[in-house]
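# Topology and contacts: notes
What follows is the residue order along each chain.
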Amino acid sequence: MKHDSTPPTGGETHQTTNASHPVLTTNQGIPVADNQNSLKAGARGPVLLEDFILREKIFHFDHERIPERIVHARGSAAHGYFELYESLADITKADLFQRAGEKTPVFARFSTVAGGAGSVDTPRDVRGFAVKFYTQQGNWDLVGNNIPVFFIQDAIKFPDLIHAVKMEADRGYPQAGSAHDTFWDFVSLMPESAHMIMWAMSDRTIPRSLRMMEGFGVHTFCMVNSEGKNTFVKFHWKPKLGLQSTVWDEALKLQAADNDYHRRDLFEAINQGNYPEWELGLQLFDQATADSLPYDVLDATKLIPEEVVPIRIIGRMVLDRNPDNFFAETEQVAFCPSNMVPGMDFTNDPLLQGRLFSYLDTQKSRLGTTNFHQIPINAPRCPMHNMQRDGMMQMSVPQGRANYEPNSLHQAGEAGGPRECPVTGFSSFQGRPDHDEQGDKLRIRPEAFADHYSQARMFYQSQTPNEQAHIASAIVFELSKVELSHVPPKVIANFRNISEELAARVAKGLGLPLPEKSPAAAPVQELDASPALSIQQNMKSTLDGRSVGILITDGSDATLLKATQEAIEAAGGTFKLIAERIHNIALSDGSTVKADGKLDGTPSQLFDAVALILSAEGSTRLAKEGAAVQFVMDAFGHLKAIGYTDAAQVLLDKAHVEADAGVVALSRTDAFTKAASRRYYDREPNVRNLA
Ligand code: HEM
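All values reported here derive from a predicted model rather than from experimental measurement.

## Considering the overall build of the chain
- When its secondary structure is counted, the chain shows 20 helices and 18 strands.
- The C-alpha atoms of the chain give a radius of gyration of 29 Å, which matches the 26 Å a tight globule of 691 residues would have.
- C-alpha atoms of the chain, sized along the principal axes, occupy 90 × 85 × 55 Å.
- Classification of the 691 residues of the chain by burial places 52% in the buried group.
- Taking all contacts inside the chain whose residues are at least 6 apart in sequence as the whole, residues at least 24 apart take part in 72%.

Here you go:
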């Protein structure tokens, strides 16, 4: 159909319409008269090459995608601030740590590691936890994970690790999962991965929410004060909502229920004003303490238990604003461990040293130009001056003749440009023993890195029996997917150095005989258990930040529904109404409500607890609906609280729900919200045979 373009009439200008919309323009600012039809020779004629509006639009669209991150491609992010509780001037001269109460803007991105940008949010995987602090001394990036140790000790193994875990080279699958041959082949041959594997197979890698996981800087870093004194530091983020994970069956079903589960959860929480918050804790220690530890603080496969070096809480991060644009901010943000500010420094950790090269290098490839620091999300928010010039996509327009330093042009009345400043500039710490290390050029691991099993054993032994069963079951699940028959016995042979009991459990779960134990490169030490490493021993009993799914039918008790909703909100939780249809659910008092989710598309794994507020007729009807039976069965199987009305008993029976402390009558709403504030791990032996 022909569409006539009309010139501006009364009230319109070249840049605004009379409806006060800005006028659509091309990238050159040329106003567009028709955005519905391309330019043709006649109504049914060929499209003309002359149509610069069409060509510019399609040209730009054709190049919308950029390379995704080689790792951590799938991520979600938010803006916020870091607020310092107390001055750390005695420890570091870093500007952001000087003044109690001061807020520094931050941008935080959470990610999975193995999957592509379009992969699901809930595979078993390590989560990235990267924070960019826009300080007055430039950007400081703390690029960590939700696990305090890493798979490898030396960056030269990183490409091998990532090749092994990502999709296999010939077949292009599996996407976003470690349960396959090449990953476990690599693990079987790399005993240094033992400690991280214990964490990866624990519930840490299936978090309930990005808002409910810890973050760690992993490496040992340095803080330097104004007198030049060095203190070693390890960084910890502690979530205000407490730690919580899903159970594996729930994580698997979440992949079907909502591919964007974590992204949606973070976005909605911030939109609702429930701002996620973490406290920043530091483990601070000196060289003498480092020397006294039975492991090397430069080895990224080791942690220092909180019980050995306590964590000092020094501030909090609040995420209070969603990105305006996913691509411009979340996708284009470039975190870089080498973004380091005066008052802090690196250590000789060989994994960290490799990272210092890798990120800047890959970001040139990903973002296409050395000028990616000028993209607003990456740009510092303090003055920035130097003599770096030109390059692709140069956005700034430097003034003056002098583009070199030193220069004497200022003597000729021109601004000669910036100069170095030995007082405030970044200087590397001098005189730390690990920086004094010298010797022949060697490709060698230090002796102190040889013990791969003691901390893996410490981690396993610090877990509750239920958590240990989850680890054993996860390993059995993953190794069951491995088709190379020589790999599982090799993995179990290594695991015998961690725990004979764990190795025997895994062998039994796989139906394999126990293989001979692998030799360990260093004797396994019996380290004290660290209860701080267990999720279940540190969980909060709370509905804060959690969500309840309320299943309703026509005839549901309106008074009880209202009381339940109010009780959930009073306890800090949120709720969604689920029903067989979305519109016009008629309650007992004749009023109607709209549901938030249709039953067959809103399974109970999306919630932390469920309430069944059903009429007698509705309950009988739902007992014949597979989605309803599964809703209840999964809530029970995923160890969640179930609140019910008398009439719901029919559905409970059909779903084989057995009475326990988590199955409560809704007549007392406070009893329900209390019950809904936790998971029922002691129920698990009744619903699942774990390894
Ligand atoms: C302690 C070990 C490590 C941790 C905690 C870690 C953490 C992270 C995180 C959180 C991201 C995502 C950043 C974002 O949200 O954009 C990331 C990306 C990346 N990491 Fe690491 N990583 C580790 C080791 C390594 C090593 C050893 C290398 C290479 C030698 C490496 C190379 C990369 C690369 C190339 C990216 C993509 C960066 C981008 O495209 O912007 N990482 N890492």
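## Looking at the nonpolar core
- Residues F151, W184, I197, M198, I475 and F495 are the most contacted members of the largest nonpolar core, which totals 52 residues.
- Sorting the residues of this core by element identifies α2 (158-165), α3 (181-189), α4 (194-200), α11 (454-461), α12 (465-480), α13 (487-495) and α14 (500-510) as the ones contributing at least two each.
- In this structure F495 touches W184, I197, M198, I475 and A503, once residues within four positions along its chain are discounted.
- If you look at the next biggest cluster of nonpolar residues, it comprises 38 residues, including I91, L319, M340 and F346.

## Observations regarding the confidence of the model for the chain
- Within the chain, residue pLDDT values average 95, and 96% of them lie at 70 or more.
- Here residues 1-8 is modelled with pLDDT under 50, and outside its nearest four sequence neighbours on either side it reaches five contacts, counting other chains as well.

## Focus on the environment of S530
- Within the element layout of this structure, S530 appears in the loop between α14 and β11 (547-552).
- For S530, a relative accessible area of 1% corresponds to the buried category.
- Separated by 21 residues in sequence, S530 and L551 have C-alpha atoms that sit 41 Å apart.

## Considerations on the packing of aromatic side chains
- One pass over the structure, following the stated rule, counts 19 aromatic pairs.
- Arranged with centres 5.9 Å apart and planes meeting at 75°, the rings of F97 and W140 form a pair that is edge-to-face. Pair noted here: F97 is in the loop between β1 (75-84) and β2 (103-112) and W140 is in strand β4 (residues 138-145), with a separation of 43 residues, a long-range link. Accessibility classification places F97 together with W140 in one group, the buried group.
- Where F150 meets F158, the ring centres are 6.1 Å apart and the plane angle is 25°; that geometry is what we call stacked.
- Site record: aromatic cluster; members linked through ring pairs are F82, F97, F110, F129, F133, W140, F221, F235, W237 and W278.
- Sitting above the plane of the Y81 ring, K103 keeps its charged end 4.4 Å from the centroid.
- Over the face of the ring belonging to Y134 we find R381, whose NZ or CZ atom lies 3.8 Å from the ring centre.

## Some thoughts on the site of the ligand
- In the neighbourhood of the ligand, 23 residues make up the surrounding shell, with R69, R109, Y359, Q363 and R366 lying closest.
- Within the contact set of the ligand, an oxygen atom lies 2.8 Å away from a side-chain nitrogen or oxygen of R366.
- Breaking the shell around the ligand down by element, the ones donating at least two residues are β3 (127-135), β4 and α9 (350-367).
- Looking at the shell around the ligand, the element that brings in the most residues is α9, giving seven residues.
- For the shell around the ligand, the residue count by class is 11 nonpolar, eight polar and four charged.

## Some details on the sheet that holds strand β12 (residues 574-579)
- The six strands lie next to each other as β15-β12-β11-β16-β17-β18, forming an open sheet whose pairing is parallel. Looking at the sheet topology across the chains shown, the edges are occupied by β15 (597-598) and β18 (663-665).
- Summarising the sheet, β12 and β15 pair through two bridges and their orientation is parallel. Across the sheet, A579 pairs through a bridge with K598, a residue of β15.

## Quick notes on the side chain of N146
- Here N146 is to be found in the loop between β4 and α2.
- Judged by relative accessible area, which is 2%, N146 ranks as buried.
- Polar contacts involving the side chain of N146 include one to the main-chain carbonyl oxygen of R204, which spans 3.1 Å.
- Sequence-distant contacts of N146, defined by excluding residues within four places in its chain, comprise V126, R127, F129, R204, M213, E214, G215 and F216.

## Side note on a nonpolar patch on the surface
- Judged by side-chain polarity, V47, L54 and I58 come together as a nonpolar surface patch covering roughly 220 Å² of accessible area.
- Relative to the helices and strands, V47 resides in the segment before α1 (52-62).
- By relative accessible area, which is 44% here, V47 ends up partly exposed.

## A short note on unusual backbone geometry
- For the peptide bond that leads from Y173 to P174, omega is 0°, which places it in the cis range.
- By the secondary structure assignment, P174 is in the loop between α2 and α3.
- Residues E405 and P406 are joined by a peptide bond in cis, for which omega reads 5°.
- Checked against the element boundaries, P406 lands in the loop between α9 and α10 (433-436).
- Located in the positive-phi region is H656, a residue other than glycine, with phi close to 55°.

## Brief notes about the pairing of β1
- Among the 10 residues in β1, 10 count as buried, and that is most of the element.
- Residues G75, A77, H79, Y81 and E83 of β1 are buried on one face, and the alternating residues S76, A78, G80, F82 and L84, pointing to the opposite face, are buried as well.
- Where β1 lies against β2, nine bridges are found, and the strand directions are antiparallel. Residue pairing for β2: H79 is matched across the bridge by F107.
- Pairing analysis gives six bridges linking β1 to strand β9 (residues 312-321), with the strands arranged antiparallel. Its bridge partner lying in β9, F82 is registered against M317.

## As for the side chain of E478
- Examined against the element boundaries, E478 turns out to sit in helix α12.
- One polar contact links E478 to S178, side chain to side chain, over a distance of 2.8 Å.
- Discounting residues that sit within four places of it in the chain, E478 has contacts with R124, S178, A179, W184 and M201.

## Observations regarding the packing of α13 against α14
- Contact geometry of α13 with α14 gives a least axis separation of 8 Å together with a crossing angle of 160°. Compared by their axis directions, α13 and α14 come out roughly antiparallel. Considering how the two elements wind past one another, α13 and α14 form a crossing that is left-handed. Counting all contacts with α13, which are made through P488, I492 and F495, the residues of α14 involved are A503, V506, A507 and L510.

## Remarks on the pairing of β3
- Among the nine residues that make up β3, nine are buried, leaving the element largely enclosed by the rest of the structure.
- Neither face of β3 is left uncovered, since the one carrying R127, F129, V131, F133 and T135 and the one carrying G128, A130, K132 and Y134 both have all their residues buried.
- In terms of strand pairing, β2 meets β3 through seven bridges, oriented antiparallel. Across the sheet, residue V106 finds its bridge partner in β3, namely F133.
- For β3 and β4, the ladder comprises eight bridges, and the chain directions are antiparallel.

Reading the values: the criteria
Per chain, residues are indexed from 1 in the order of the written sequence. The model is predicted, so local features are restricted to residues of pLDDT at least 70 and side-chain atom pairs to those at 80 or more, both for listing and for counting; the totals for chains, interfaces and linings are taken over all residues. As a rule here, side-chain values cover all heavy atoms of the structure and leave hydrogens and water aside. We count a stretch as a helix when DSSP gives it H or I for four or more residues in a row; a strand needs E for two or more, and each element gets its number in order from the N terminus. As defined in this context, the radius of gyration uses C-alpha atoms, and a globule is described by 2.2 Å times the residue total to the power 0.38. The buried label goes to any residue with under 20% of its type's maximum accessible area, the exposed label to any with over 50%, and the partly exposed label to all in between, with areas taken from a 1.4 Å probe on protein chains only. The contact criterion used throughout is that any non-hydrogen atoms of two residues lie within 4.5 Å. Take the buried Ala, Val, Leu, Ile, Met, Phe, Trp, Tyr and Cys residues and link them wherever side-chain atoms come within 4.5 Å; each set so joined is a nonpolar core. Every residue gets a pLDDT, meaning the predictor's confidence in that residue, from 0 to 100. Pairing of aromatic side chains requires ring centres within 6.5 Å, counting the rings of Phe and Tyr and the six-membered ring of Trp. Pairs whose planes differ by under 30 degrees are stacked, by over 60 edge-to-face, and all others tilted. Charge-over-ring placement is defined geometrically: NZ (Lys) or CZ (Arg) within 6 Å of the ring centre, and within 35 degrees of the ring normal. To be near a molecule or strand, a residue needs just one of its heavy atoms within 4 Å of it. By the criterion applied in these results, polar contacts are pairs of N or O atoms within 3.5 Å in which, for protein atoms, one can donate a hydrogen and the other can accept it, and in which residues neighboring in sequence qualify only through two side-chain atoms. For this scheme, ten residues count as nonpolar: Ala, Val, Leu, Ile, Met, Phe, Trp, Tyr, Cys and Pro. Four count as charged, namely Asp, Glu, Lys and Arg, and the remainder, Gly too, count as polar. In this analysis, strands are considered paired if DSSP registers two or more bridges between them. Distance thresholds for patches are 9 Å for like charges and 5 Å for nonpolar side chains (Val, Leu, Ile, Met, Phe, Trp, Tyr), applied to residues having over 30% relative accessible area and no salt bridge. All accessibility values rest on the Shrake-Rupley procedure with a 1.4 Å probe; residue burial counts only the protein chains present in the view. Here, a salt bridge means any side-chain nitrogen of Lys or Arg that lies within 4 Å of a carboxyl oxygen of Asp or Glu. Between N-to-C directions, angles span 0 to 180 degrees; the directions come from axes that are lines fitted to C-alpha atoms, helices contributing only their stretch in contact. Throughout this description, any angle smaller than 35 degrees is read as roughly parallel, any larger than 145 degrees as roughly antiparallel, any in the 65 to 115 degree range as roughly perpendicular, and the remainder as oblique. Left-handed describes a crossing in which the near helix is turned anticlockwise from the far one by less than a right angle; the clockwise case is right-handed.

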